[in-house]
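Chain residues, written in single-letter form:
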Amino acid sequence: MSSRIEEIIERQRAFFASGATKKTEFRKEQLKKLQECIHKYEKEIYDALYRDLNKAPFECYATEMGIVLDEINFMLKHLDRWSRPQRVRTPVTQFPSKCFRVSEPYGVVLVMAPWNYPFQLSLAPLVGAVAAGNCVILKPSAYAPYTSAVLSKILRENFSDQFITVIEGGREENAQLLAQRFDYIFFTGGVTVGKLVMESAAKHLTPVTLELGGKSPCIVDETADIKMTARRLVWGKYLNAGQTCVAPDYVLVQSSVRDDLIKAMKKEIRRQFGKEPLKNNDYPRIINQKHFERLQGLMKDTNILEGGTCSEESLKIAPTILAGVHGESPVMQEEIFGPVLPVLMFDRIEDAVAFVNRREKPLALYLFTKNAYSEKLVLEQTSYGGGCINDTVVHLATPYMPFGGVGSSGMGCYHGKESFETFTHKKSIMKKALWPDIPLRYAPYRRLSLKLLKMIQK
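Residues numbered from 1 in each chain as written. Predicted model: local features only at pLDDT ≥ 70, side-chain atom pairs only at ≥ 80, totals over all residues. Heavy atoms only, no water.

A. Molecular detail of the packing of aromatic side chains. Applying the stated criterion across every chain, the model contains 15 aromatic pairs. With centroids separated by 6.2 Å and ring planes inclined at 65°, the aromatic side chains of F15 and F163 adopt a geometry described as edge-to-face. With F15 in helix α1 (residues 2-17) and F163 in the loop between α6 (145-158) and β5 (164-166), this residue pair connects regions lying 148 residues apart in the sequence. On the basis of relative accessibility, which here comes to 3%, the residue F163 falls in the buried class. Here the aromatic rings of Y238 and F273 are separated by 6.2 Å at their centres, their planes lie at 85°, and the arrangement is edge-to-face. Of this pair, Y238 sits in helix α9 (residues 226-238) while F273 is found in helix α10 (residues 258-273), placing the two residues 35 residues apart along the sequence. For Y238, a relative accessible area of 1% translates into the label buried. Three or more aromatic residues joined by ring pairs make a cluster, and in this case those are Y106, Y184, F186, F403, Y414 and F423. Over the aromatic face of F159 sits the side chain of K33, whose NZ or CZ is 5.1 Å from the ring centroid. (Phe/Tyr/Trp six-rings, centres within 6.5 Å; stacked < 30°, edge-to-face > 60°. Helix = DSSP H or I, 4+ residues; strand = E, 2+ residues; numbered from the N terminus. Buried < 20%, exposed > 50% of the residue type's maximum accessible area, 1.4 Å probe, protein only. Lys NZ or Arg CZ within 6 Å of the ring centre and 35° of its normal.)

The following block contains the structure:
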């Protein structure tokens, strides 16, 4: 496999060197082809996502295929303008000249995708890489084998492997890929593997984007619309059975409305998933036995207010609400990444902010409030990748805003124009006129030259 990967990279380097991918029309043609492929293989994609995660077609389209199609449409609409050289101002000291920046692709890039949204999180960054003019090696997750296989089929049947190649497999293939030199690496996944990716990239001084995760808080103060908060919080938390990097990981609710919120959330869980969620055919399952058992362990020694039931056969865990949790509880020591929601209380909004700030910077933060002071305090005093006020999760479903983490939740961002920028090097160029050639800058330097220089640069 190692020699095969090396051969693939060499073929891609040769194709990139031909200059074909640098032509804007070529990039647009490839994006349109990918767009057509998604529609052509729609049923196969639905089937793969159902077999991997038990996702219903609506959820598949809303959270996977639709987001990728939006990205493609946005790229096609703006790519010509983004690709043009950009004029910038020239300082008077460099007169006569003009300055401009040229967007150029990095070359051969590696995109490593996770299992939780295995279609979207594979192709959304790939769209940005292709739009920027790179050749791409895509490594889907082995934990979602059916989606990995359909991605491999789609890209193999419709794109030359010297332009886009899918490498399937698990840890061994990941290690072999990371041993190679790439021009850029885009990784989505957990913090532990993210550190290994960054360590491997450092050996070749390869730039990276790391889309990681963390414990994303949801703060609910006493002014919040409790009914709407419960509806949007339940939707965002239990979407994909909680296996979402930006899912609310825990709730911090003001003590005066804690009971009201829990009551409303219980009602909302039953409304959205039924009285027996484990029998709901549209409710996703946990990806594998390992994560199923891990989530069961996180529920031990807690007060289960709702849910907590599990099916070993289907690997489903009902939407669960936990009480009796504090900052040092086991469930608060790692990202939950499942349908388990601890509820903690605070008395003052300043206490909630302090609680969040004592922990690593999260990928997302959600605030439900009608209070301007609470909104201002949380926005100004907490650091996180992105988030919503009075909603959850939806901030990442727009090509007009970048999505990414900060600190331990990641580095770099993408979506829309930021995807193009992520996979693009901005080359700065100054074109100088040959005449007049001002002698001031040349040696030998005189006292008068320094005075003149200071006058010009004022």
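B. The arrangement of a nonpolar patch on the surface in detail. Judged by side-chain polarity, V92, F95, L452, M455 and I456 come together as a nonpolar surface patch covering roughly 520 Å² of accessible area. By the secondary structure assignment, I456 is in helix α15 (residues 447-456). (Patch = residues over 30% accessible without salt bridge, like charges linked within 9 Å, V, L, I, M, F, W, Y side chains within 5 Å. Areas by Shrake-Rupley, 256 points an atom, 1.4 Å probe, with all protein chains shown as cover. Salt bridge = Lys/Arg side-chain N within 4 Å of Asp/Glu carboxyl O.)

C. Up close: the packing of helix α3 (residues 42-53) against α6. Their axes nearest at 7 Å, the elements α3 and α6 cross at an angle of 155°. Taken together, α3 and α6 sit at an angle that is classed as roughly antiparallel. Residues E44, I45, A48, L49, R51 and D52 of α3 form the contact with α6, whose own contacting residues are P145, Y146, T147, V150, K153 and I154. Partitioning the contact of α3 with α6 into residue classes produces seven nonpolar, one polar and four charged. (Axes fitted to C-alpha atoms, helices over the stretch in contact; angles between N-to-C directions. Parallel < 35°, antiparallel > 145°, perpendicular 65-115°, else oblique. Contact = heavy atoms within 4.5 Å. Nonpolar A, V, L, I, M, F, W, Y, C, P; charged D, E, K, R; others polar.)

D. Fine view of the side chain of T206. For T206, the position within the fold is in the loop between α8 (191-203) and β7 (208-211). Judged by relative accessible area, T206 falls into the buried class, the value being 8%. T206 has contacts with F182, D183, Y184, I185 and A201, leaving out every residue within four places of it along the chain.

E. Inspection of the pattern of salt bridges at higher detail. For the structure shown, the criterion picks out 20 salt bridges. When the shortest N-O distance is used, the salt bridge between D183 and R181 registers 3.6 Å. Of the residues examined, D183 reaches a relative accessible area of 18% and is grouped as buried. A salt bridge links R270 to E306; its shortest N-O distance comes to 3.0 Å. Placement of R270 in helix α10 and of E306 in strand β10 (residues 303-306) is noted, with a sequence separation of 36 residues between them. Residue R270 is classed as partly exposed on the basis of its relative accessible area of 43%.

Purely spatial values, then, with no claim about function.
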